[in-house]
Amino acid sequence: QEQLVESGGGLVQAGGSLSLSCAASAILFSICDVAWYRQAPGKQRELVASITSHGSRNYADSVKGRFTISRDNSKDTVYLQMNSLIPEDTAVYYCNANEIYYNGEILEFWGQGTQVTVSS
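None of the values given here were measured: they were computed from a predicted structure.

The next point concerns the overall build of the protein. Of the regular secondary structure elements, the protein holds zero helices and 11 strands. N-terminal to C-terminal, the α/β element order of the protein is β-β-β-β-β-β-β-β-β-β-β. Here the C-alpha atoms of the protein give a radius of gyration of 14 Å, agreeing with the 14 Å that 2.2 N^0.38 yields for 120 residues. Seen through its principal axes, the protein has C-alpha atoms that stretch 50 × 25 × 25 Å. Each of the 120 residues in the protein was classed as buried or not, and the buried ones make up 39%. Put simply, the protein shows about 6,400 Å² of open surface, and 48% of that area lies on carbon and sulfur atoms. Between the centroid of the 8 positive side chains of the protein and the centroid of its 12 negative side chains there is a distance of 8 Å.

The following block contains the structure:
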């Protein structure tokens, strides 16, 4: 069964760092565009960072210069290194993967989410 499993969330003081991981199973990870989203209480889910199957990266303006997304296809894992955290980064962080096939078919998968809390 296809799944994405996030880990690495927790409680950290403002200015601190956390590293999130998302491990894929039963998914053709190497052909996936993968991304991290977050959802704070009372707010819509928003894109934080993404990385394509070719390694192109994109970041939300609010995290540029502080967060880094990376992937290791040999481990079917995507990472999110978060530095200089601020209370506004507090949210549930979700991993997203899209299997993109040459015929245009896209299969989308979501992880269960991991809580990140930044105290002031």
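Having seen the model, we can carry on.
A word on the sheet that holds strand β8 (residues 77–82). One open sheet holds the four strands; their spatial order is β1-β3-β8-β7, and the pairing between them is antiparallel. Each edge of the open sheet carries a strand with a single partner, namely β1 (3–7) and β7 (67–72). Across the sheet, the mean angle from the axis of one strand to that of its neighbour is 15 degrees, orientation sign disregarded. Of the pairings in the sheet, the one linking β1 to strand β3 (residues 18–25) comprises five bridges and is antiparallel in character. By the bridge assignment for β3, Gln-3 is matched with Ser-25.

Counted by the stated rule, this structure contains four salt bridges. The salt bridge involving Glu-46 is made with Arg-38; its shortest N-O contact spans 2.7 Å. Note on Glu-46: relative accessible area 36%, which makes it partly exposed. Linking Asp-89 and Arg-38 is a salt bridge whose minimum nitrogen-to-oxygen distance equals 2.9 Å. Taken as a pair, Asp-89 in the loop between β8 and β9 (91–100) and Arg-38 in strand β4 (residues 32–39) lie far apart in primary sequence, 51 residues in all. Accessibility classification places Asp-89 together with Arg-38 in one group, the buried group.

Another point: the layout of surface pockets. In this structure, the largest pocket encloses a volume near 150 Å³. Along its surface, the largest pocket is lined by Ile-31, Asp-33, Ser-53, His-54, Ile-100, Tyr-101 and Tyr-102. Partitioned by chemical class, the residues of the lining of the largest pocket number four nonpolar, two polar and one charged.

Glancing now at the state of the cysteines. The tally for this structure, following the rule as stated, stands at one disulfide. Across a sulfur-sulfur distance of 2.1 Å, Cys-22 and Cys-95 are joined as a disulfide pair. Of note, the bridge from Cys-22 to Cys-95 carries an S-S torsion of about -85 degrees and is left-handed in sense. Of the two residues, Cys-22 sits in strand β3 while Cys-95 sits in strand β9, which places them 73 residues apart along the sequence.

Rules behind the numbers
- Residues numbered from 1 in each chain as written.
- Predicted model: local features only at pLDDT ≥ 70, side-chain atom pairs only at ≥ 80, totals over all residues.
- Heavy atoms only, no water.
- Helix = DSSP H or I, 4+ residues; strand = E, 2+ residues; numbered from the N terminus.
- Rg over C-alpha atoms; globule rule 2.2 N^0.38 Å.
- Buried < 20%, exposed > 50% of the residue type's maximum accessible area, 1.4 Å probe, protein only.
- Areas by Shrake-Rupley, 256 points an atom, 1.4 Å probe, with all protein chains shown as cover.
- Lys, Arg positive; Asp, Glu negative; His and termini not counted.
- Charge placed at Lys NZ, Arg CZ, Asp CG, Glu CD.
- Pairing = 2+ DSSP bridges.
- Axes fitted to C-alpha atoms, helices over the stretch in contact; angles between N-to-C directions.
- Salt bridge = Lys/Arg side-chain N within 4 Å of Asp/Glu carboxyl O.
- 1 Å grid on protein atoms, 1.4 Å probe; cavity = no way out; pocket = protein on both sides within 12 Å on 5 of 7 lines; lining within 4 Å.
- Points joined across faces, edges and corners; volume = space filled by probe spheres on them.
- Nonpolar A, V, L, I, M, F, W, Y, C, P; charged D, E, K, R; others polar.
- Disulfide = S-S within 2.5 Å.

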